[in-house]
Amino acid sequence: MHAQNQSLLDALNACIAACEHCASACLQEDDVKMMARCISLDRDCADICALTARFVARGSEHAQHLLSECAEICKACGDECAKHTHMQHCQECAEACRRCEQACRAGLAA
C-alpha cells in the first residue's frame, strides 16, 4: 500500500512545505492585508494536505473523502497564488498546489 502511494505522499508533503513557506513569505510583504486570502488558503491547504497524507499513509478507508476535499482546496490555493505573478514564492506554491491537486485526483481514480 505504501509503495503505490509514495508519489501521492511526496506531492502532499511538497505542497505542505510550499504552502507553509508561501504563508510565511506573504506575512513579510509590505501590504499584508492584500495577501490575506492567499495566507488563509495557504494555511488551509497545508493543513488538509497534512491530514490527507496521514490518512493515505495508514490506508484509511476515509482517505478517499479527504482526497476529494484536498484536491478542491489545492485548486483554490493554486488559483489564488497564481494571481500573484510578481511573487516567486506564490508562483512556486501555485505549482506545488497544481501537482498535488493532480496527484489527489489520480488517487481518487485509483
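As shown above, the structure is provided for reference.
Residues numbered from 1 in each chain as written. Predicted model: local features only at pLDDT ≥ 70, side-chain atom pairs only at ≥ 80, totals over all residues. Heavy atoms only, no water.

1. Here's the deal with the layout of surface pockets
Part 1 of the argument: As a volume, the largest pocket reaches approximately 250 Å³.
Part 2 of the argument: In terms of lining residues, the largest pocket is bounded by 16 residues, among which N5, L8, Q64, L67 and G107 are the most central.
Part 3 of the argument: When residues of the lining of the largest pocket are traced back to their parent elements, those giving at least two are α1 (6-26), α2 (36-57), α3 (63-82) and α4 (88-109).
Part 4 of the argument: With 3 residues, the top contributor of residues to the lining of the largest pocket is α3.
Part 5 of the argument: Taken together, the residues of the lining of the largest pocket break down into 8 nonpolar, 7 polar and 1 charged. (1 Å grid on protein atoms, 1.4 Å probe; cavity = no way out; pocket = protein on both sides within 12 Å on 5 of 7 lines; lining within 4 Å. Points joined across faces, edges and corners; volume = space filled by probe spheres on them. Helix = DSSP H or I, 4+ residues; strand = E, 2+ residues; numbered from the N terminus. Nonpolar A, V, L, I, M, F, W, Y, C, P; charged D, E, K, R; others polar.)

2. Things to note about the pattern of salt bridges
Part 1 of the argument: Scanning the model with the defined rule gives 5 salt bridges in all.
Part 2 of the argument: Ionic pairing is found between D79 and K75, a salt bridge with its closest N-O pair at 2.9 Å. One end of the pair, D79, and the other, K75, are both in helix α3, 4 residues apart, so they sit about a helical turn from each other.
Part 3 of the argument: What makes D79 partly exposed here is its relative accessible area of 35%.
Part 4 of the argument: Residue K75 is classed as partly exposed on the basis of its relative accessible area, which comes to 39%.
Part 5 of the argument: A salt bridge links E95 to R99; the shortest N-O distance between them is 3.9 Å. Within this pair, E95 and its partner R99 are both found in helix α4, separated by 4 residues, close to a single helical turn.
Part 6 of the argument: Given a relative accessible area of 47%, R99 falls into the partly exposed group.
Part 7 of the argument: Each of R37, E80 and K83 takes part in a single network of salt bridges with overlapping partners. (Salt bridge = Lys/Arg side-chain N within 4 Å of Asp/Glu carboxyl O. Buried < 20%, exposed > 50% of the residue type's maximum accessible area, 1.4 Å probe, protein only.)

3. Re the nonpolar core
Part 1 of the argument: Of all hydrophobic cores here, the largest spans 41 residues; its most connected members are L12, C45 and C49.
Part 2 of the argument: Elements with a minimum of two residues in this core: α1, α2, α3 and α4.
Part 3 of the argument: Every residue in contact with L12, bar those within four places of it in the chain, is listed here: C49, T52, A53, C70, C100 and C104. (Core = buried A, V, L, I, M, F, W, Y, C linked by side-chain atoms within 4.5 Å. Contact = heavy atoms within 4.5 Å.)

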